[in-house]
Amino acid sequence: MQPRILQVRQQILKKNDEQARALRTRFEDAGVLVVSLVSSPGAGKTTLLRETMLRLRPQLRVAALVGDLATENDARRLAESGAPVKQIITGTVCHLEAAMVEDAMREWDLSSIDILFIENVGNLVCPASYDLGEALRVVLFSTTEGEDKPRKYPTIFNTADVAIVTKIDLAEVVGFDRPQAHASIQDVRPGMRIMELSARSGAGMDDWIELLKSHLCSSKRPLATSSTTPTL
Amino acid sequence: MHELSIAQSMVEVAAEQLTGHGFDPARSVVKKVSARVGVMSGVVPEALISAFEIAVIGTPLRGAALEIENVGLAVWCPKCQAERALPDIGSLSCPVCGTRTPTIRRGRELELIAIEVVDATENTAGPTTDPEEER
């Protein structure tokens, strides 16, 4: 029996990559800005998203998908904003994949959404490998997690576009070293945009909302209604 | 563990490739699968090897070994106008001039490279003593 060597050269995650690319095209065609959030469990993704959606509505039409291993608690919290929200229960899967996103938004009309938020499963490791078709990926870490967090998770920081330090209102009380946090982000992902905020106190939230609105402007096609005018 | 998800994807891609190359997965024996894993792919090679052993059970790749080629991190230095290999992924700056280097050229790979397969239907004369490996 002669063994044969087949030269393959295929991306292992080509199925997810292809699905993510197809989603990205659909989102772009529909003029939807898709923003995903990744962080450790407890960094404040849900609280930030809830406050964000409350501020963006009703001027902008927002929706959210949230992934968790179990419970619908986060979807319930986000739904308090009044926006359409869908929970993705992953069971034992520690990250979201493009197929899960596509499946969850099946019944939604993308043309009726301005910004779609995707809250990933709380995990700074596994989501790094999976493109979800988003336009903007935001990585969050809280002041309570320490200023060297980025150094511990360089891979996920390198898949994200913006870093947000959350719970900035607690910085002093937990002894969070802000310059060190900025230095560790710049070491691990030079040139990364950094924001600091507290969803609870409101600090830094205006800048975050502005960032979203400016990304939304560039995601809408030239002939579409300007996003600076209220939509009904 | 997402290495198990990754390993399952490998099995799917490998099985597709077998069919694409004209092999019947039900009658093939896959001896080895080779993969390239970058240091910044988000995948731990040892965990992938363990996960692969589980993922191949009950599939056309049952019993196949996984061989991994590790790929280190390389960045582009805009000042030196050269590619630089970095010893670790924690500090993206040029080892020669110190300039920050956000552009990653190598190190994110997660690719299936080759499949070593035997078509069990080819042999009708019994086992040979020292099969030649085709390269």
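Quick notes on the rules
- Residues numbered from 1 in each chain as written.
- Chains lettered and ligands numbered in written order.
- Predicted model: local features only at pLDDT ≥ 70, side-chain atom pairs only at ≥ 80, totals over all residues.
- Heavy atoms only, no water.
- Helix = DSSP H or I, 4+ residues; strand = E, 2+ residues; numbered from the N terminus.
- Rg over C-alpha atoms; globule rule 2.2 N^0.38 Å.
- Buried < 20%, exposed > 50% of the residue type's maximum accessible area, 1.4 Å probe, protein only.
- Contact = heavy atoms within 4.5 Å.
- Areas by Shrake-Rupley, 256 points an atom, 1.4 Å probe, with all protein chains shown as cover.
- Buried area = accessible area lost by both parts, 1.4 Å probe.
- Salt bridge = Lys/Arg side-chain N within 4 Å of Asp/Glu carboxyl O.
- Nonpolar A, V, L, I, M, F, W, Y, C, P; charged D, E, K, R; others polar.
- Pairing = 2+ DSSP bridges.
- Axes fitted to C-alpha atoms, helices over the stretch in contact; angles between N-to-C directions.

Asks: Can you walk me through the overall build of chain A in this structure?
Replies: Each helix and strand counted, chain A has nine helices and eight strands in total. By the compact-globule yardstick of 17 Å for 232 residues, chain A fits well, its C-alpha radius of gyration being 18 Å. Viewed in the frame of its principal axes, chain A has a C-alpha envelope of about 70 × 45 × 35 Å. The buried share of chain A, taken over its 232 residues, is 52%. A sequence separation of at least 24 residues applies to 74% of the contacts in chain A between residues at least 6 apart. Accessible area for chain A stands at about 10100 Å²; split by element, carbon and sulfur atoms hold 49% of it.

Asks: Explain the interface of chain B and chain A to me, please; I cannot follow it from the model alone.
Replies: Quoted interface sizes are often the accessible area lost when the parts come together. On the side of chain A, 30 residues touch chain B, which itself brings 45 residues to the contact. Overall, the association of chain B and chain A removes approximately 3600 Å² of surface from exposure, summing both partners, and the carbon and sulfur fraction of that is 56%. On the surface where chain B and chain A come into contact, there are four salt bridges. Between A:Arg9 and B:Glu111 there is a salt bridge, with the nearest N and O atoms lying 3.6 Å from each other. Those elements that place two or more of their residues in the side of chain B that touches chain A are helix 1 (2-20), strand 1 (28-38) and strand 6 (110-119) of chain B. Looking at the side of chain B that touches chain A residue by residue, the classes come out as 21 nonpolar, 12 polar and 12 charged. Where strand 1 (residues 4-11) of chain A and strand 6 of chain B come together, six bridges link them in antiparallel fashion. Paired with A:Gln10 across the two strands is B:Leu112, which belongs to strand 6 of chain B.

Asks: Looking at this model, I keep getting lost on the sheet that holds strand 3 (residues 73-77) of chain B. Mind explaining?
Replies: Each strand in a sheet pairs with its neighbour through backbone hydrogen bonds, running either in the same direction (parallel) or in the opposite one (antiparallel). Residues and elements named next belong to chain B. Reading across the sheet, the three strands line up as 4-3-5 and stay open at both edges, with antiparallel pairing between neighbours. In the strand order of this sheet, the two ends are held by strand 4 (82-86) and strand 5 (104-106), each with one partner. Each strand of the sheet is rotated relative to its neighbour by a mean of 40 degrees, with strand direction disregarded.

Asks: Can you walk me through the sheet that holds strand 7 (residues 162-166) of chain A in this structure?
Replies: Residues and elements named next belong to chain A. Taken together, seven strands build an open sheet; the order of strands is 4-3-5-2-6-7-8 and the sheet is parallel. Only two strands of the sheet have a single partner each, and these edge strands are strand 4 (85-89) and strand 8 (193-196). Neighbour-to-neighbour, the strand axes of this sheet turn through a mean angle of 20 degrees, independent of strand direction. With five bridges connecting them, strand 3 (residues 62-68) and strand 5 (residues 115-119) associate as parallel partners. Of the residues in strand 5, the one forming a bridge with valine 62 is isoleucine 115. Relative to the sheet, helix 2 (residues 45-56) contacts strand 2 (33-39), strand 3, strand 4, strand 5, strand 6 (136-142) and strand 7, its axis offset from that of strand 5 by approximately 170 degrees. Taken strand by strand, helix 8 (residues 178-188) contacts strand 6, strand 7 and strand 8, and its axis lies near 155 degrees from that of strand 8.

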